[in-house]
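Below, each chain spelled out in residue letters.
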Amino acid sequence: MNFNKADLQKETSYKTSRSGGKGGQNVNKVSSKVELLFSIGSSALFNDDEKLLLTEKLQTRLNKDGYVQVICDEERSQYLNKEKAIERLTTLLTKALQKPKVRKPTKVSKAAKAARLDSKKRQSVKKENRKSDFGE
């Protein structure tokens, strides 16, 4: 990953509004809710392949204008909400850019196969011995 929080902050825009929840009368006066908007397409931090991967993986997080939207209204101060929002965006982008490991298919070993078949054979013999002959 070739980005950090400082680089992301240069390319993000913020909208603030009054938040609901805790805070008493402060809620009615101060705009502490933060809405962070980040455009993947116009970002200089990512190359074309990374931009394609990000838009693919974050399709559900994009709004109609093509911005990734992160909303935070947990804290009472606007500054703390901005910090939390940029932190969430950073984790969101890093998780989206991670490529999963390719699974290598493996075979069951001969010893494991033999042990399984031996166990089945013992179980079969045990059940066979429980049968009683009623016909004779």
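Residues numbered from 1 in each chain as written. Predicted model: local features only at pLDDT ≥ 70, side-chain atom pairs only at ≥ 80, totals over all residues. Heavy atoms only, no water.

S.K.: Looking at this structure, I do not really get the packing of helix H3 (residues 48-57) against helix H4 (residues 78-97). What am I missing?
M.R.: When two helices pack together, their arrangement is captured by the angle between the axes and the distance separating the axes. It is the contact of H3 with H4, at a shortest axis distance of 9 Å, that shows an interaxial angle of 105 degrees. As far as their axial angle goes, H4 and H3 are roughly perpendicular. Contacts from Glu50, Leu53, Leu54 and Lys57 of H3 reach H4 at Leu93, Ala96 and Leu97. Class assignment of the residues belonging to the contact of H3 with H4 gives a composition of 5 nonpolar, no polar and 2 charged. (Axes fitted to C-alpha atoms, helices over the stretch in contact; angles between N-to-C directions. Helix = DSSP H or I, 4+ residues; strand = E, 2+ residues; numbered from the N terminus. Parallel < 35°, antiparallel > 145°, perpendicular 65-115°, else oblique. Contact = heavy atoms within 4.5 Å. Nonpolar A, V, L, I, M, F, W, Y, C, P; charged D, E, K, R; others polar.)

S.K.: Quick question: what am I supposed to make of the confidence of the model for the chain here?
M.R.: Where the model shows low pLDDT, its predicted coordinates should not be examined in detail. Put simply, the chain has an average pLDDT of 86, and 93% of its residues get 70 or more. Within the chain, helix H2 (residues 26-29) has the poorest average pLDDT of any element, 72, and helix H5 (residues 110-130) the best, 95. (pLDDT = per-residue confidence, 0-100.)

S.K.: It is not clear to me how the pattern of salt bridges should be interpreted in this structure. Could you clarify?
M.R.: Close approach of charged atoms allows side chains of opposite charge to pair. Following the criterion strictly, the structure yields 7 salt bridges and no others. The salt bridge partner of glutamate 75 is lysine 84, with a shortest N-O separation of 3.1 Å. The exposure class of lysine 84 is partly exposed, given its relative accessible area of 32%. Between arginine 122 and aspartate 118 there is a salt bridge, with the nearest N and O atoms lying 2.9 Å from each other. Of this pair, arginine 122 and aspartate 118 both sit in helix H5, 4 residues apart, which is roughly one turn of that helix. Look at aspartate 118 and you get partly exposed, because its relative accessible area is 40%. Here the salt bridges share partners, and the residues they tie into one network are Glu74, Glu75, Lys84 and Arg88. (Salt bridge = Lys/Arg side-chain N within 4 Å of Asp/Glu carboxyl O. Buried < 20%, exposed > 50% of the residue type's maximum accessible area, 1.4 Å probe, protein only.)

S.K.: It is not clear to me how the packing of aromatic side chains should be interpreted in this structure. Could you clarify?
M.R.: Each aromatic ring pair is specified by the distance between its two centres and by the angle formed by the two planes. In total, this model carries 1 aromatic pair according to the counting rule given. Here the guanidinium or amino end of lysine 82 rests over the ring plane of tyrosine 14, the centre of that ring lying 4.9 Å away. (Phe/Tyr/Trp six-rings, centres within 6.5 Å; stacked < 30°, edge-to-face > 60°. Lys NZ or Arg CZ within 6 Å of the ring centre and 35° of its normal.)

S.K.: Even after reading the chapter, I still don't get the sheet that holds strand S1 (residues 12-17), so can you show me in this structure?
M.R.: Whether parallel or antiparallel, the strands of a sheet pair through hydrogen bonds between backbone atoms. Ordered in space as S1-S2-S3, the 3 strands form an open sheet in which the pairing is antiparallel. Taken across any chain shown, the strands that pair with only one partner, and hence form the sheet edges, are S1 and strand S3 (67-72). Strand-to-strand twist in this sheet, taken as the mean axis angle between neighbours without regard to direction, amounts to 20 degrees. Two elements, S1 and strand S2 (residues 33-39), share 6 bridges in a ladder whose sense is antiparallel. (Pairing = 2+ DSSP bridges.)

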